[in-house]
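Structural characterization, general
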Amino acid sequence: MTDGTTDGLDKAAVFICHCSGNISEHVDIDAVKKTLKAEGISVFDYEYLCSSQGQSLIKNKILEGNLDRVVIGSCTPSKHGTLFKKCVQETGLNRGGLEIANLREQCAWVHPDRTGATEKALSLLRAKLKRLENIEPLEEIKVDIAQQALVIGGGIAGITAALNLADNGISTFLVEKDSSIGGQMAKIGKIFSPDKLAEECAMCSLSPLMNEVAAHPKISLLTWTEIESLSGSAGNFMVRLKKKPRYVKDSCTACGRCSRVCPVPVEDEFNCGYMDKKAISLRFSQSVPKIYCIDPDYCLQLNGEACGKCATACKTGAIDFSQKEEIIELNVGAVIVATGFEEYDVSQKPQYGYGIFENVLTQMELARIMGINGPTKGELLRISDFSKLSNAPKSATCTSGCESSSDHSSDNSSGAETPKRIVMIQCVGSRDEKEGGNRYCSRYCCMAALKHASLIKKKYPETEITICYIDVRAFGFYENYYRAVQETGVNFVRGRPAEVIEKPDKSLVVRVEDTLNQKIRELPADLVVLSAAMVPSPGTRKIASVLNLSQDESGFIKERHSKLKPVDSSLDGIFVCGTAQSPKDVTDAIAQAGLAAVRARAFITDSPKSLDNEIAAINQLLCTRCGECLKCPFNALSLNESGRVVLDPLICTGCGYCTELCKDGAVQVAGFTKSQLKAEIEGVLEEGDMLGFVNSGIASLTCDNIGNSVLTYPSNVKLIKVPTTLVVGRDLVLHAFKHGASSVLFVEDPPDSPRAEVIYPLTTSHFKKLKEELGDSGSRIYFKKTYVPNTKGLAGTFTSLAREGEMIK
Amino acid sequence: MKAIESIPDRKLLLFKSCMVGQEYPGVETATRYVFDRLGVDYCINDEQSCCTGIGHYTDVFEGLTTTAIAARNFAVARKCGYPNITCLCSTCYAINKEACELLNTNTEVRDKVNSIFIEKGFDDLVYEKGDMNPRTNFYHAVEILLSKVGKIQEEKKFDFSGIRAAAHHACHYYKVKYLDVVGNPENPQLIDTIAEACGASPVRWYEDRTLTCGMGFSQLHLNKSTSLQVTKTKLDSLQRAGVELMIHMCPNCHIQYDRYQPVIEKEFGVEYDMVHMNIAQFVALSLGADPYKVCGFQTHSVPLEGFLEKTGII
């Protein structure tokens, strides 16, 4: 191994790949070999260096010649870089001693002229050799990952994620703010099934999963618990939780005696605010854990009055008024956020009368009313009639205490009417560009409306149902379900209603323009159901801010890439699924939760994690602790207790912004230090060349893609890969001009990912500043943002800049 | 959305309205009274002309003339150092705002308008792109009142507790420029909020709340029965909602309801219990202004005496 002080290239070797003619047909490999050999450098070539024989050749030569530095001339390092890295490391060579010159995508394939291509190949190899003259070994950075995961939110997405993690052997904490898991799905009576064209019992699917969560040896369930804070970084998060007191011990058998004797009726948030719950209750009868919970706001005993009836009634002595709030601290390797949605506040559309007229409700409330464990025990009633009934003093039974009372129909003989005409209004708060609305489609509401229409038609065939829609979006197999519902005689009116009016008898009229025949219609209704948009739940908003995750403009947690990384949040080690990420239905939420679990498991089990070592490195001898570098946009740099600047290797993306900020040169990106880049510049440049500094991400892929697209550009275009163009300071540009560059082009990634969104504006302002600083020479530097398909445009820029250079020459 | 914090109280040109001046001069005097009491810095400039809105919407003035006149009025505002044009009439507000957008974005129109000015030797009227900002130089007087709602509440001498009032926001304020409304354009609450500060109990939502007054400029004259039918529909809804006071922000609506309520009562054989006034008149009353000398109620068609007596003002 080298100690970094070795001078000269006596222990260096160059390996050139023919790539079965891909390289050798355009580059005169023999000429290259001859030239380099004349300079005293060992050169080897092979048909396919990436083959196992090719790799053996490299390994053997390294061991035979006791080589400490290797240059491989082959295809782009993004293709076989990892393979070659592994290959040389197997011989004990530090990976800092390996350089790969791209002789295919950026040479052979883009320069049809054999002489030009050969000259360029030589310069590329020389540049890499030059870079190795002062070899700087890269340190392995490894971190241990905490071997447990945290899932936030106990809805269907969180439950699925937790079960998947646990089934794959990961110890998982599932945290839920309510007293039971189940989330929104527990509120929905039925879920639709596109293949069977039928509605299935939601609880029958959900309940077994909830019980599995409670019974799973690898899952620790923490209900009635909220996240206070999260610190640390990927792989080692410290999470602080606040577990609220239930005032009921785990010895509760859920017999329900306490609730029957409790004298305080309270609003039931689970049942859309109906007063059918007591101050001690289960959230719903199938709650998990099945332990009662006291509402401290309403309990008489907890508010200083002598009551204690529940404690007297309890046979197991489970009531404990002395319980206190608990703070729990966890160390987890990965976090899955599944904090869900809430319904859009439809009272923001007063024209629809929600909160003003009793018989206007939302789809979720309709689901509750039709739910067998809902306020009417599944019977569809006019709300105005029902609320009259529920105001009457009720017997001491509650939803949770009367699981067996399914023979309920006789209760409501006192004048409560089943609505005969129901109008549903779609897209309330969705597809709405007005202030207070949401532009997006909420995805679930067309199907929810169809499902409810179908259920009502089955149970009450005489009911007249009209759905006012903008478009019915029954995607995929749901179209079959839509057809089936149409056949049941549900009416569809294409138009967004203007207003809902209440008549003195509490019936309603919906004013709408049928846009298919341009007629204004007044639809009479006994019940109006609003399909409210899905918006991020307060929990989702809170967690996004506690965890500092990127959100979209509506507040949903933003995934890193909508196609390729749909469950990765903007922070490493934190994943997102379900409706916390975007509006979706149960089916999609479950599918996404499974992926989130797989991603989180992969993250955790890759321990100790080797980190990308091309990140910032601080030279403490040069550092003056001025604090400039703490402006790091990712907060990767901080001051430790002794005032030293330290780097969090898990957060640093290696963008190099700090290298620009540091006036003392104390921060450099490993693998892209000033001396390495200077050496490469010296090696690669000839008089009149155009030099491009290329971001190693999308920009670099685009450059390779020019070669794949059989496009060409002149061979005096030389490209140097950099983590981002932020590492290219004034001195490097001047160095390039000094060594013959006619012009310098910065090729940058577009602001298309959360990381690039942060970096891109920095690169443009960095470029602008540089241009000003350079004075006259500033006119010779250029900037280009590039997208992968934009090969023609980029090749065109290369060509025109190179031609200008030739003219100067 | 317009942020309430961004509404200025300095350098306001109180833009005179021909409908206000002709029909309800008390709206202007009441606004001035309230502005003075609230310490708003404004001026009235006699060089300002009509916005042409009435003429424009009855097809008398075409767009270019309207824009040229707007450009002239903008120059008046800038020259006197009061560039924040604050309108008493929602039509003036929409016309000026629209003209400003047009002058800023349509080079052809701007050049034509300027060439007319130059040809006639009015070089000082020439409008350069960006001279005015359509979002930050144009306000309706009701927005200024809303921004001072706390002060109104503090200064009020007379409390209208228990008055069942209904707001009628003007289409040309919240429908024409709906992206630039303070609050939710589907449910504007400017008048309601101010009226509440004066102690009234606004009916926050009533049937047909967003229905137009029915005036429709030329429609009132060309399709009178339709026009009055629309007005009647809304009056019926308000009657059902038990409203006793309808509060306006636009002289056009004000005319339609106040002048035509007696006509509708006669033609349709109905009776209504409500009276009408502008929000500035209501605030002025609340601050202790004289109902006749300041608010000019003697020019109203639906007599306010009953209302004023009931509330104990006279």
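Residues numbered from 1 in each chain as written. Chains lettered and ligands numbered in written order. Predicted model: local features only at pLDDT ≥ 70, side-chain atom pairs only at ≥ 80, totals over all residues.

**Observations concerning the overall build of chain A**
- The number of helices and strands found in chain A is 21 helices and 38 strands.
- Each principal axis of the C-alpha distribution contributes one length, and for chain A these read about 105 × 65 × 50 Å.
- Burial statistics for chain A: of 809 residues in total, 48% are counted as buried.
- In chain A, the share of contacts with a sequence separation of at least 24, taken over all contacts with a separation of at least 6, comes to 74%. (Helix = DSSP H or I, 4+ residues; strand = E, 2+ residues; numbered from the N terminus. Buried ≥ 20, exposed ≤ 12 C-beta atoms within 10 Å, placed from the backbone. Contact = placed C-beta atoms within 7 Å.)

**Digging into the sheet that holds strand E4 (residues 98-102) of chain A**
Residue and element names in this part refer to chain A.
- Taken together, four strands build an open sheet; the order of strands is E2-E1-E3-E4 and the sheet is parallel. Of all strands in the sheet, those with a lone pairing partner are strand E2 (42-46) and E4, marking the two edges. The average angle at which neighbouring strand axes cross in this sheet is 20 degrees, direction not considered.
- By the bridge criterion, five bridges tie strand E3 (residues 69-74) to E4 in an arrangement that is parallel. Across the sheet, the residue bridging to Ser-74 is Asn-102, located in E4.
- Against the sheet, helix H2 (residues 52-65) contacts strand E1 (12-17), E2 and E3, and its axis sits at roughly 160 degrees relative to E2. (Pairing = 2+ DSSP bridges. Axes fitted to C-alpha atoms, helices over the stretch in contact; angles between N-to-C directions.)

**Here we look at the interface of chain B and chain A**
- On the side of chain A, nine residues touch chain B, which itself brings eight residues to the contact.
- Grouping the amino acids of the side of chain B that touches chain A by side-chain chemistry returns three nonpolar, three polar and two charged. (Nonpolar A, V, L, I, M, F, W, Y, C, P; charged D, E, K, R; others polar.)

**Points about the domain arrangement of chain A**
- As assigned here, chain A comprises domain 1 (1-138), domain 2 (148-244 + 537-605), domain 3 (257-324), domain 4 (343-388 + 416-533), domain 5 (611-669) and domain 6 (671-809).
- Relative to domain 5 of chain A, the C-alpha centre of domain 4 of chain A lies at a distance of 57 Å. (Domains from an automatic or database assignment.)

**Considering the pairing of strand E12 (residues 236-243) of chain A**
All names here are of chain A.
- Pairing between strand E11 (residues 225-233) and E12: eight bridges, direction antiparallel. If you follow Thr-225 over to E12, its bridge partner there is Lys-243.
- The hairpin formed by E11 and E12 contains two residues between the paired strands, and Gly-235 there has a positive phi angle of roughly 95 degrees.
- Looking at chain direction, E12 and strand E17 (residues 326-332) are connected through seven bridges and run antiparallel. Within E17, the position partnered with Leu-241 by the bridge is Ile-328.

**Side note on the nonpolar core**
- Of all hydrophobic cores here, the largest spans 139 residues; its most connected members are A:Ala161, A:Ile336, A:Val528 and A:Cys577.
- With residues near it in sequence (within four places) discarded, A:Ala161 still touches A:Val151, A:Ile336, A:Ala338, A:Cys577, A:Ala593, A:Ala596 and A:Ala597.
- Judged by nonpolar contacts, the second largest core, of 98 residues, contains B:Tyr93, B:Leu235, B:Met246 and B:Ile264. (Core = buried A, V, L, I, M, F, W, Y, C linked by C-beta atoms within 7 Å.)

**Some remarks on unusual backbone geometry**
Residue and element names in this part refer to chain A.
- Here the amide bond leading from Val-288 into Pro-289 is cis, since omega sits at 0 degrees, within 30 degrees of zero.
- Checked against the element boundaries, Pro-289 lands in the loop between strand E15 (280-281) and strand E16 (293-294).
- Ser-607 connects to Pro-608 through a cis peptide bond whose omega is -5 degrees.
- Of note, the phi angle at Ala-254 is positive, near 60 degrees, even though the residue is not glycine.
- Mapped onto the fold, Ala-254 is located in the loop between E12 and helix H8 (257-261).
- For Ala-254, a count of 18 C-beta atoms within 10 Å translates into the label partly exposed.

**Looking at the domain arrangement of chain B**
Residue and element names in this part refer to chain B.
- Domain parsing of chain B yields domain 1 (7-139) and domain 2 (154-310).
- The interface is formed by 25 residues belonging to domain 1 together with 27 residues belonging to domain 2.
- Elements with a minimum of two residues in the side of domain 1 that touches domain 2: helix H1 (18-23), helix H2 (25-38), helix H3 (53-57) and helix H5 (90-105).
- Per-element tally for the side of domain 1 that touches domain 2: the top contributor is H2, with nine residues.

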